[in-house]
Amino acid sequence: MAQITAALVKELRDKSGAGMMDCKKALAENDGDIEASMDWLRQKGIAKAEKKSGRVAAEGLVAVASNGATAVAVEVNSETDFVARNEGFQALVNSVAGVALENAGDFDATNAATFPGASHSVEAEITEAVGTIGENMTFRRSVGLTVPNGVVSTYIHNAVAPNQGKLAVLVALESDADAGVLEALGKQLAMHVAATNPQSMTIEEMDPAAVEREKTVLIEQARESGKPDNIIEKMIIGRMNKFYQEVVFVEQTFVIDGETKIKKVIENAAKDAGTDIKLTGYTRMEVGEGIEKVEDDFAAEVAAMNS
């Protein structure tokens with residue numbers, strides 16, 4: 001039987017990212033063979049992943065990647081923020097963003113694509129990472145924006161690593177203007193989106209159900225004033241316009257100067273550039289949004305360890 005030296009354990013630990021005792025056990029089970037031990041750890045990691053898959057993963061990171069005319073944002077979740085600060089996890093997220101860029105942000109294509117430096121898919125890599133890092137993790141979503149001519153700007157709010165953080169924004173600008181001008185404008189618009197979280201890009205793109213709900217509430221409020229219907233109708237028009245100015249991207253007031261509407265900001269930039277600039281899309285992605293966070297056994301275990 002091969003001697004399991006400290007150097008051998010360290011080699012396997014560096015290669016697998018698994019804990020020291022797991023590496024020692026793997027080597028003992030496989031007569032010191034590094035590759036067989038790697039396979040053994042992967043098998044155990046998959047078993048761990050299946051056990052942990054029911055646990056809520058609402059922390060993690062969003063990341064962006066861009067080649068100029070195309071940019072993507074991805075979200076990879078973990079159970080705790082502690083893991084999100086792990087360099088190995090950050091490298092994993094960065095790689096997923098790179099694969100997503102190659103697939104123009106298509107989630108299914110990205111999940112099925114080969115993970116960089118491996119012979120298996122992104123999905124399989126996430127599963128292996130669960131066993132290595134010891135928490136449930138999920139590749140939750142991926143979004144991409146592309147312009148035929150122009151720039152898709154990216155922005156990470158409060159970045160924890162290059163191109164990674166808790167909130168990501170993409171803004172697509174179609175134009176023949178100088179790329180540097182478009183990038184600067186796009187970055188400012190992306191910062192605005194991060195701050196205001198608009199519901200839609202234009203009034204026409206608003207969810208009809210959301211518009212109808214707002215209108216119903218405003219009508220009921222106006223009727224309580226006792227005013228006649230013709231006055232109420234005019235009141236509703238004004239109040240709906242105010243509503244649009246609060247939730248529609250191009251109707252909002254630019255947070256950077258506090259006075260100019262976004263559509264006017266773009267018009268002014270186009271005039272200065274001497275050519276048209278068209279806002280064609282945006283994406284705002286925040287870690288864990290829409291995930292119901294619950295107290296689970298793992299959280300209780302961590303709390304007990306720290307008490």
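A quick note: this is a predicted structure, and the numbers were derived from the prediction, not measured.

## Considering the overall build of the chain
- Scanning the chain for helices and strands turns up twelve helices and seven strands.
- Across the chain, the fraction of contacts at a sequence separation of at least 24, relative to all contacts at a separation of at least 6, is 63%.
- Surface accessibility of the chain: about 16,200 Å² in total, with carbon and sulfur atoms responsible for 49%.

## Some details on the confidence of the model for the chain
- For the chain, per-residue confidence averages 86 on the pLDDT scale, and residues scoring 70 or more make up 87% of the total.
- Within the chain, the element-level pLDDT minimum falls on helix 12 (residues 297-306), averaging 41, and the maximum on strand 6 (residues 167-175), averaging 98.

## Brief notes about the sheet that holds strand 4 (residues 150-157)
- Taken together, the three strands give an open sheet; going across it, the order is 4-6-7, and neighbouring strands pair in antiparallel fashion. Strands with a single pairing partner mark the edges of an open sheet, and in this sheet they are strand 4 and strand 7 (277-286). Across this sheet, the average inter-strand angle for adjacent strands is 15 degrees, counted without regard to direction.
- Across nine bridges, strand 6 lies against strand 7 in antiparallel orientation. When the bridges of strand 7 are listed, Leu 170 appears paired with Thr 283.
- Packed on one face of the sheet, helix 8 (residues 179-196) meets strand 4, strand 6 and strand 7 and runs near 40 degrees to strand 4.

## With respect to the packing of aromatic side chains
- Under the criterion given, the structure shown has three aromatic pairs.
- An angle of 45 degrees between the planes, with centres 5.8 Å apart, marks the rings of Phe 243 and Tyr 244 as tilted. Tyr 244 shares its class with Phe 243; the two are buried.
- When the ring of Phe 249 is compared with that of Tyr 282, the centres are 5.1 Å apart and the planes differ by 70 degrees; the resulting orientation is edge-to-face. Of this pair, Phe 249 sits in the loop between helix 10 (229-247) and helix 11 (262-273) while Tyr 282 sits in strand 7; the two residues are 33 residues apart in sequence, bridging distant segments of the chain.
- Using a relative accessible area of 18% as the deciding quantity, one classes Tyr 282 as buried.

## Quick look at the pairing of strand 2 (residues 70-78)
- Of all nine residues making up strand 2, nine are buried, and the element is well covered by its neighbours.
- Neither face of strand 2 is open: one carries Thr 70, Val 72, Val 74, Val 76 and Ser 78, the other Ala 71, Ala 73, Glu 75 and Asn 77, and all of them are buried.
- Counting the residues that bridge the hairpin from strand 1 (residues 59-66) to strand 2 gives three residues, and of these Gly 68 lies at a positive phi of roughly 110 degrees.
- Bridge analysis of strand 2 against strand 3 (residues 138-146) gives eight bridges, and the strand direction is antiparallel. Residue pairing in the sheet places Val 76 in a bridge with Phe 139 of strand 3.

## Some points on the nonpolar core
- With 38 residues, the main nonpolar core has Val 171, Leu 173, Leu 189, Met 206, Phe 249, Ile 277 and Leu 279 as its most contacted residues.
- Among the elements of the structure, strand 4, strand 6, helix 8, helix 9 (208-223), helix 10, helix 11 and strand 7 are those that each provide at least two residues to this core.
- Here this core takes seven residues from helix 10, the largest share from any one element.
- Discounting chain neighbours no more than four positions away, the residues touching Met 206 are Gln 199, Ser 200, Val 211, Phe 243, Tyr 244, Val 247 and Val 248.

## Brief notes about the pairing of strand 1
- Of all eight residues in strand 1, six are buried; the element is thus mostly enclosed.
- Note: strand 1 against strand 2, eight bridges, orientation antiparallel. From the neighbouring strand, Ala 63 faces strand 2, where its bridge partner is Val 74.

## Digging into the packing of helix 8 against helix 11
- Between helix 8 and helix 11, the shortest axis-to-axis distance is 12 Å and the interhelical angle comes to 175 degrees. By the criterion of interaxial angle, the relationship of helix 8 to helix 11 is roughly antiparallel. In contact with Leu 185, Leu 189 and His 192 of helix 8, helix 11 contributes Ile 262, Val 265, Ile 266 and Ala 269.

About the criteria used
Residues numbered from 1 in each chain as written. Predicted model: local features only at pLDDT ≥ 70, side-chain atom pairs only at ≥ 80, totals over all residues. Heavy atoms only, no water. Helix = DSSP H or I, 4+ residues; strand = E, 2+ residues; numbered from the N terminus. Contact = heavy atoms within 4.5 Å. Areas by Shrake-Rupley, 256 points an atom, 1.4 Å probe, with all protein chains shown as cover. pLDDT = per-residue confidence, 0-100. Pairing = 2+ DSSP bridges. Axes fitted to C-alpha atoms, helices over the stretch in contact; angles between N-to-C directions. Phe/Tyr/Trp six-rings, centres within 6.5 Å; stacked < 30°, edge-to-face > 60°. Buried < 20%, exposed > 50% of the residue type's maximum accessible area, 1.4 Å probe, protein only. Core = buried A, V, L, I, M, F, W, Y, C linked by side-chain atoms within 4.5 Å. Parallel < 35°, antiparallel > 145°, perpendicular 65-115°, else oblique.

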